[in-house]
Amino acid sequence: MSGCRKSRAGAKHFTMSLVLILFMSQMLGMPQLANAAGSSSQDETVVVEDSKEKNSQKETGWDKSSLEFISSGGSCTQITATIKNGNDSRPMDGTVSYKVYFSEKGNPKDGTVVAAGTVPALGTGNSHKLTYTPTQSGTYMFWAEQREGHPGQGELWSDGITVDMADCKEPDPEDEWDKSSLKFISNGGSCEQISAIVRNGADSRPMAGAVSYKVYYIENGNPKNGTVVHSGEIPALGSGESHTLTYTPEKSGVYMFWAEQREGHPGQGELWSGAIEVDLAECEEVEPEYPNLSIALSYEDCEALTATIKNDEESGDMLAGAVYEIYWAASGSATQGTVVDSGPIEPLAAGGSTQFTYTPTESGEYILKVYQTGGTQEFDPIWSSQLTVDLTACEDPEDPVDPEDPVDPEDPVDPEDPVDPEDPVDPEDPVDPEDPVDPEDPVDPVDPEDPVDPEDPEDPEDPVDPEDPVDPEDPEDPVDPEDPVDPEDPTDPENPVNPNKPADPPAKVPTKRLPKTGETDPALYYTTGLLFIISGAFLWVKSRRRRLDM
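As the structure is a computational prediction, the values presented were derived from the model and not from experiment. Starting afresh in each chain, residues are numbered from 1 along the sequence in its written order. Owing to the predicted nature of the model, reporting of local features is limited to residues with pLDDT of at least 70; listing and counting of side-chain atom pairs is limited to 80 or more, with chain, interface and lining totals taken over all residues. The side-chain numbers reported here are obtained from all heavy atoms of the structure, hydrogens and water having been left aside.

Any details on the overall build of the chain? Residues and values, ideally.
Put simply, DSSP H or I for four residues or longer makes a helix, DSSP E for two residues or longer makes a strand, and each gets a number counted from the N terminus. Looking only at helices and strands, the chain has 3 helices and 24 strands in total. Note on exposure labels: buried denotes an accessible area under 20% of the residue type's maximum, exposed denotes more than 50%, and partly exposed covers the range between, all computed with a 1.4 Å probe on protein chains only. Burial analysis of the chain (550 residues in total) assigns 25% to the buried set. Long-range contacts, defined as pairs at least 24 residues apart, comprise 61% of the intrachain contacts of the chain with a sequence gap of at least 6. Only the protein chains shown count as covering a residue, and every accessible area follows the Shrake-Rupley method with a 1.4 Å probe. Of the accessible surface of the chain, which amounts to about 38,100 Å², a share of 49% is contributed by carbon and sulfur atoms. Note on contacts: a residue pair qualifies if any of its non-hydrogen atoms lie within 4.5 Å across the two residues.

In structure tokens:
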């Protein structure tokens, strides 16, 4: 007894400890312990339930699946039924069979089986569609069985599906019109092509098929009474859709397009386009008239080459776009030479002509080429006769200047050294030794041979001072009273001239510097400044007197 009591007390103590641990884990934020304990209890529950289900399945043989028809319907072309395993059901362990029952009148359950098949194993909530193509008018139903051991009736039925095979019968063209209606909306053309546009009315139904068309021809009169020269097919057109018919005429005359309506059309069943007159003469190709050119290249000794281009009177005009080229070669064929001149040629009417010249620079062979580069004409290049030019006869024997050495023997100036020996002025130093004026200082210094100052108008040939009224041509007053020197005896008593000593050169007259071009004379500034000073002094004195008067 004491041992049992101890064991009971120990179990009770263990239970209370476990409860206390769970409570503390919740209070201390340790849900994992609680979850662990809870999950262990849940696992124990699931294991128990699974074991119960397995035991139940062993006892009943049912996999806990449950099928039901969720929809059914169809038409004369096909009927369907959708079967589903319930959302709260277990997956099917295998397939089940289904059947299709038919009854012309009455309940299909009492009818005959017209089809059978298998429903695959479906998972929880999965569905499957069953189909069948009916062959008779009547009522159809789908039947399916449940998995073995299902506690219900073990079978299920879809709703009845009524089918009328007359709904799927194709309309007989003889009895049914597709409600399309064609008409020609335009026609026309030329000798190159005729055409007509046929259209299905905007308020008409689409064409259920194609129709044929024809092209009728007659030389004169009504084409309806003529012959068929072409035929074809108009495709099925939708509402408001159009199609263009074309034909290339082969004869001059009158043409018409004919088309049929869709079978069953309540009208005449055919339609005609308007008449189209064609004259093939309008399309006859006119041969273009090309120019008939004659060209020549001539040369007169030591003159320019002259090119002459003429257009024959019986030919067509030469239109814009023609050009000429003159070729040169030192020898041989000039056509393989170098183009030395070229240019456009103005249009030439029939019988017209034009000329142009070229001055040759080298001896050799020359030839003229004329050809068309654009426009509406095209013609092959035309070449003139080859012409030989010799320029050696044109050289001047009196002027032996070598063209490769342009130095003239009469003028030995070297073109690479432009200093003329007769004019030693250096081009880099433009001061002329014969004229020592510096180009940077335009004041002309006094010429030693002409000591007269350019600002002093005294004439060196007339040494009389303009302030001295004595006229040297007046013999009555040959001597200046202030200058007792006798003009006939130039000996100065105060400075006798030594005839054995050459006279001193005339003294150089000082010159005044002239302002450069664009430079203002400084005297102008000095004068202006002096005037300002005088004016200021005058105004100051005047203002001071006014103050004193006050």
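I'd like to hear about the pattern of salt bridges, residue by residue, with values.
Working definition: two side chains of opposite charge can pair if their charged atoms are close together. We define a salt bridge as a side-chain nitrogen of Lys or Arg found within 4 Å of a carboxyl oxygen belonging to Asp or Glu. As enumerated under the stated definition, the model contains 2 salt bridges in all. Put simply, Arg 147 and Asp 63 hold a salt bridge, and the shortest N to O gap is 3.0 Å. With Arg 147 in the loop between β6 (138–145) and β7 (155–157) and Asp 63 in the loop between α2 (31–60) and β1 (67–74), the pair connects residues that are 84 residues apart, well separated along the chain. Residue class for Arg 147 comes out partly exposed when judged on its relative accessible area of 22%. Classification of Asp 63 by relative accessible area gives buried; the value is 5%. A salt bridge links Arg 262 to Asp 178; its shortest N-O distance comes to 2.9 Å. Pair noted here: Arg 262 is in the loop between β14 (253–260) and β15 (270–272) and Asp 178 is in the loop between β8 (161–163) and β9 (182–189), with a separation of 84 residues, a long-range link. Classification of Asp 178 as buried rests on a relative accessible area of 15%.

Summarise the state of the cysteines; cite the residues concerned and give the values.
Throughout, a disulfide means two cysteine sulfur atoms within 2.5 Å of one another. Within this structure, the stated rule accounts for 2 disulfides. At a sulfur-sulfur separation of 1.3 Å, the disulfide partner of Cys 191 is Cys 283. Here Cys 191 and Cys 283 share a disulfide; its torsion about the S-S bond, 70 degrees, makes the bridge right-handed. Linking Cys 191 in the loop between β9 and β10 (194–200) with Cys 283 in the loop between β16 (276–278) and β17 (293–299), this pair joins segments that are 92 residues apart in sequence. The residue that forms a disulfide with Cys 302 is Cys 394, at a sulfur-sulfur distance of 2.0 Å. Between Cys 302 and Cys 394 the disulfide shows an S-S torsion of about -105 degrees. By sign, it is left-handed. Of this pair, Cys 302 sits in the loop between β17 and β18 (305–311) while Cys 394 sits in the loop between β24 (387–389) and α3 (522–549); the two residues are 92 residues apart in sequence, bridging distant segments of the chain.

Could you give an account of unusual backbone geometry, with specific residues and numbers?
Positive phi values are uncommon outside glycine, yet Lys 64 reaches one of about 70 degrees. Residue classification places Lys 64 among the partly exposed positions, given a relative accessible area of 22%. One non-glycine residue, Lys 179, lies in positive phi territory at about 70 degrees. Among the secondary structure elements, Lys 179 is positioned in the loop between β8 and β9.

Help me get a handle on the sheet that holds β18, residues and values and all.
Strands are treated as partners if at least two bridges between them are detected by DSSP. What the 3 strands build is an open sheet, ordered β17-β18-β21; its pairing is antiparallel. This sheet does not close on itself; its edge strands, each paired only once, are β17 and β21 (353–358). Shown here is a sheet whose adjacent strand axes are inclined to one another by a mean of 15 degrees, direction ignored. For β18 and β21, the ladder comprises 6 bridges, and the chain directions are antiparallel. Opposite Ala 307, over in β21, you have Phe 356 as the bridge partner. Axis definition: a line fitted to C-alpha atoms, limited for helices to the stretch in contact. Angles are taken between N-to-C directions and run from 0 to 180 degrees.

Tell me what's going on with the side chain of Glu 365, and back it up with residues and numbers.
Residue position: Glu 365 is located in strand β22 (residues 364–372). Here Glu 365 is buried and forms no salt bridge, its nearest opposite-charge partner Lys 369 lying at an N-O distance of 18 Å. Here the side chain of Glu 365 touches Gln 386 through a polar contact of 3.1 Å, side chain to side chain. Ignoring sequence-local partners within four residues, the contact set of Glu 365 consists of Tyr 327, Trp 328, Ala 329, Ala 330, Ser 331, Gly 332, Ala 334, Gln 386, Leu 387 and Thr 388. Positive charges come from Lys and Arg, negative ones from Asp and Glu, while His and the chain ends are left out of the count. Polar contact is defined as a pair of N or O atoms within 3.5 Å, subject to the rule that within protein one atom must be able to donate a hydrogen and the other to accept it, and that residues adjacent in sequence are counted only when both atoms are side-chain atoms.

Quick one: what's the story with the sheet that holds strand β13 (residues 242–247), residue by residue and with numbers?
Spatially, β9-β10-β13 is the arrangement adopted by the 3 strands of the open sheet, whose pairing is antiparallel. Strands at the two margins of the open sheet, each flanked by one partner only, are β9 and β13. Looking at each pair of strands side by side, their axes are set apart by 20 degrees on average, direction ignored. Of the pairings in the sheet, the one linking β10 to β13 comprises 6 bridges and is antiparallel in character. Bridged to Ala 196 within β13 is Leu 245.

That's the geometry; what it means functionally is another story.
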